[in-house]
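# A structural walkthrough
Spelled out, the chains give:
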Amino acid sequence: MTSLKSMQRNLVIFAVLIIPLVSPAADQGISDDTIKVGQVSDLSGATAVWGVPTTNGTRMRIDEQNAAGGVHGRKLELIVEDGQYQVPVSVKASNKLLNRDRVFVMLGNMGTPMNNAMLPRQLRMGVANLFPVTAAVSMYEPLHPMKFSYYVSYRDQIRSAVRYMAEKSGVKKVCMQTQATDYGHESELGYEQAVEALGLESVFLGRHKVTETDFVGTVTRLKNSGCEVLFIGTIVTDTIQLYSAARKAGWDVPIVGNMVVQHPLIAAAADGAMEGLYSAGPIVDIDYKSPEYDGTWIRDWYERYVERYGEEPVAQAQVAWVTADLMIRAMEAAGPDLTTEKMLAELENIRNYEDPFGGQTLTFGPEKHQGANSLFWSQIIDGKWVVLEENLPY
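About the criteria used
- Residues numbered from 1 in each chain as written.
- Predicted model: local features only at pLDDT ≥ 70, side-chain atom pairs only at ≥ 80, totals over all residues.
- Heavy atoms only, no water.
- Helix = DSSP H or I, 4+ residues; strand = E, 2+ residues; numbered from the N terminus.
- Buried < 20%, exposed > 50% of the residue type's maximum accessible area, 1.4 Å probe, protein only.
- Areas by Shrake-Rupley, 256 points an atom, 1.4 Å probe, with all protein chains shown as cover.
- Lys, Arg positive; Asp, Glu negative; His and termini not counted.
- Charge placed at Lys NZ, Arg CZ, Asp CG, Glu CD.
- Axes fitted to C-alpha atoms, helices over the stretch in contact; angles between N-to-C directions.
- Parallel < 35°, antiparallel > 145°, perpendicular 65-115°, else oblique.
- Left-handed = near helix turned anticlockwise from the far one by under 90°.
- Contact = heavy atoms within 4.5 Å.
- Nonpolar A, V, L, I, M, F, W, Y, C, P; charged D, E, K, R; others polar.
- Pairing = 2+ DSSP bridges.
- Expected span 1.5 Å × (residues − 1).
- Disulfide = S-S within 2.5 Å.
- Phe/Tyr/Trp six-rings, centres within 6.5 Å; stacked < 30°, edge-to-face > 60°.

Scanning the protein chain from terminus to terminus reveals twelve helices and twelve strands. Viewed in the frame of its principal axes, the protein chain has a C-alpha envelope of about 70 × 65 × 35 Å. Going through the 394 residues of the protein chain one by one, you find that 56% of them count as buried. For the protein chain, the computed accessible surface area is about 16500 Å², with 52% contributed by carbon and sulfur atoms. Across the protein chain, the 35 positively charged side chains and the 47 negatively charged ones have centroids separated by 6 Å.

Here we take up the packing of helix α3 (residues 87-100) against helix α4 (residues 112-124). At a minimum axis distance of 9 Å, the contact between α3 and α4 shows a crossing angle of 30 degrees. Judged by the inter-axis angle, α3 sits roughly parallel to α4. Crossing hand, α3 versus α4: right-handed. Residues Val 87, Ser 90, Val 91, Ser 94, Asn 95, Leu 98 and Asn 99 of α3 form the contact with α4, whose participating residues are Pro 113, Met 114, Ala 117, Met 118, Arg 121 and Gln 122. For the contact of α3 with α4, the per-class residue count stands at seven nonpolar, five polar and one charged.

What follows covers the packing of helix α5 (residues 154-169) against helix α6 (residues 182-198). Packed helices, taken two at a time, are described by their axes: the angle between them and the distance between them. Following both chains from N to C, one finds α5 and α6 inclined at 35 degrees, their axes separated by 7 Å at the closest point. Classified by chirality, the crossing of α6 by α5 is right-handed. For the pair formed by α5 and α6, the contact residues are Tyr 154, Arg 155, Ile 158, Arg 159, Val 162, Arg 163 and Ala 166 on the first element and Tyr 183, Glu 186, Ser 187, Leu 189, Gly 190, Tyr 191, Gln 193, Ala 194 and Leu 198 on the second. Class assignment for the residues of the contact of α5 with α6 results in nine nonpolar, three polar and four charged.

The seven strands are arranged β7-β6-β8-β9-β10-β11-β12 in an open sheet whose pairing can be described as mixed. For this open sheet the edge positions go to β7 (201-208) and β12 (384-392), each flanked by a neighbour on one side alone. The average undirected angle you get between the axes of adjacent strands in this sheet is 20 degrees. Relative to strand β10 (residues 278-281), strand β9 (residues 255-257) runs parallel, the two being bridged by two bridges. Residue Val 256 lies in a different strand from β10, and its bridge partner there is Tyr 278. α6 contacts β6 (173-179), β7 and β8 (229-233) of the sheet and is inclined by roughly 165 degrees relative to β6.

What follows is about helix α11 (residues 315-334). Taking 1.5 Å per residue as the helical rise, α11 with its 20 residues ought to reach 28 Å, and the 29 Å between its terminal C-alpha atoms agrees with that figure. Of all 20 residues in α11, 17 are buried; the element is thus mostly enclosed. Just beyond α11, the residue with positive phi is Gly 335, at close to 90 degrees.

Moving on to the pairing of strand β11 (residues 375-381). Buried residues dominate β11, accounting for six of its seven residues. For β10 and β11, the ladder comprises four bridges, and the chain directions are antiparallel. The partner of Ala 280 across the bridge, within β11, is Trp 377. Here β11 pairs with β12 via six bridges, running antiparallel. Residue pairing in the sheet places Ile 380 in a bridge with Trp 385 of β12. Here β11 hands over to β12 after two residues, with Asp 382 in that stretch at a positive phi of 55 degrees.

Here a disulfide denotes a covalent bond joining the sulfur atom of one cysteine to the sulfur atom of another. The final tally for this structure, using the stated rule, is one disulfide. Covalently, Cys 175 is tied to Cys 227 through a disulfide, its sulfur atoms 2.0 Å apart. Measuring handedness by torsion sign, the sulfur bridge of Cys 175 and Cys 227 sits at about -80 degrees and is left-handed. One end of the pair, Cys 175, is in strand β6; the other, Cys 227, is in the loop between α7 (216-224) and β8, and 52 residues separate them in sequence. Residue classification places Cys 175 among the buried residues on the basis of a relative accessible area of 0%.

Right, let's get into the sheet that holds strand β2 (residues 75-82). Sheet strands line up and pair through hydrogen bonds in the backbone, either parallel or antiparallel. Pairing is parallel in the open sheet, where five strands are placed in the order β2-β1-β3-β4-β5. Sheet topology places β2 and β5 (147-148) at the edges, where each strand pairs with a single neighbour. In the sheet, strand β1 (residues 34-41) pairs with strand β3 (residues 105-107) via two bridges, with the strands oriented parallel. Looking at β3, one finds that Gly 38 is bridged to Met 106. Strands in contact with helix α2 (residues 48-67) are β1, β2 and β3; relative to β2, the strand with the most contacts, it is inclined by about 165 degrees. Lying on the sheet, helix α12 (residues 340-348) is in contact with β3, β4 (128-130) and β5; it crosses β4 at an angle near 35 degrees.

Enumeration over the complete set of coordinates arrives at 16 aromatic pairs. Look at Tyr 288 and Trp 301: their rings are 6.1 Å apart centre to centre, the planes differ by 25 degrees, and that puts the pair in the stacked class. Residue Tyr 288 is located in the loop between β10 and α10 (297-309), and its partner Trp 301 is located in helix α10; the two are separated by 13 residues in the primary sequence. With relative accessibility at 4%, the residue Tyr 288 sits in the buried group. When the ring of Trp 301 is compared with that of Tyr 305, the centres are 5.3 Å apart and the planes differ by 35 degrees; the resulting orientation is tilted. A residue pair is termed a helical-turn pair when its members lie 3 or 4 positions apart in one helix, as Trp 301 and Tyr 305 do in helix α10 at four residues. Tyr 305 shares its class with Trp 301; the two are buried.

Function-wise, these values are silent; they only describe arrangement.
What follows is the structure, given as structure tokens:
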């Protein structure tokens, strides 16, 4: 016979599980003529080179939809707050979007620690978190009805990179240098898993603060370790400084990052000193000015972007356009009587979505809330990211 305490415990567990889908706030942000979409981006902080193009790409797709009549007669209202890539600022911005603006959904929220801090309250309020700008595995694991991710995780990106180098180059001694952050920890986890699974020897594992600027000592220790390939869990400034220091020291082993290093600013930095850096990630940079795009939608999109924002689009803007498109498709498929539950169900119905920019083909399902199925293997060649291999498994 089931005890009273056991019954009470089961009732509590059941209540916790269903709160996100039946919360009174679950369908806030919808009126007869408007659907409010919130975004906590980084417009002025350490990752603004990701945040600004993400917001630009999101706004491009939303404005296109509004110009075409919106979603079943409702216009999408994008409300963006600058989280500055700081947890306290981002949490405050998220609370403002949830409580004051009462947004219907969050799209493209920025950063691993920021999302981890914002998510508990957001999900309790029944506001879905769609396609955050982080590849943290916590964005889709454990499976949750209101969490959807575009990216393969940092863990799996690094794990795939280690496997690729071991199989292609036959390396036995590997090393890693990473930030002492949530992002860095997850990159480190993928590295350790791959090292163990492949029977490799990890001869050096270093961690540095986000504010670290001098990597000369680190490079000396790496060089003396006998490491044959360096894997990095770095962002922008520390990527440039670490890689440049390694090459200036005459240490020419392959250096491999994940998707975070894959930005044109890094490719073109340090007067050509970034040549040769590798990346295993789910994003792809394209040359919009290539003759192959003459007269195509891609060239038209590129020209409209440049005219509007006064700068070249990057892969981060492409991904943001795609993820906004996924959200809009799900909203349209949900019908005029839009609810969070209906939108999420339609996201799960998306199969083999072809990225118009040539990126990953995306598939979702009831047990799969992360879209990409493989990675690109890219390298900086002549100051640009060039895809060397597609469909890299992870």
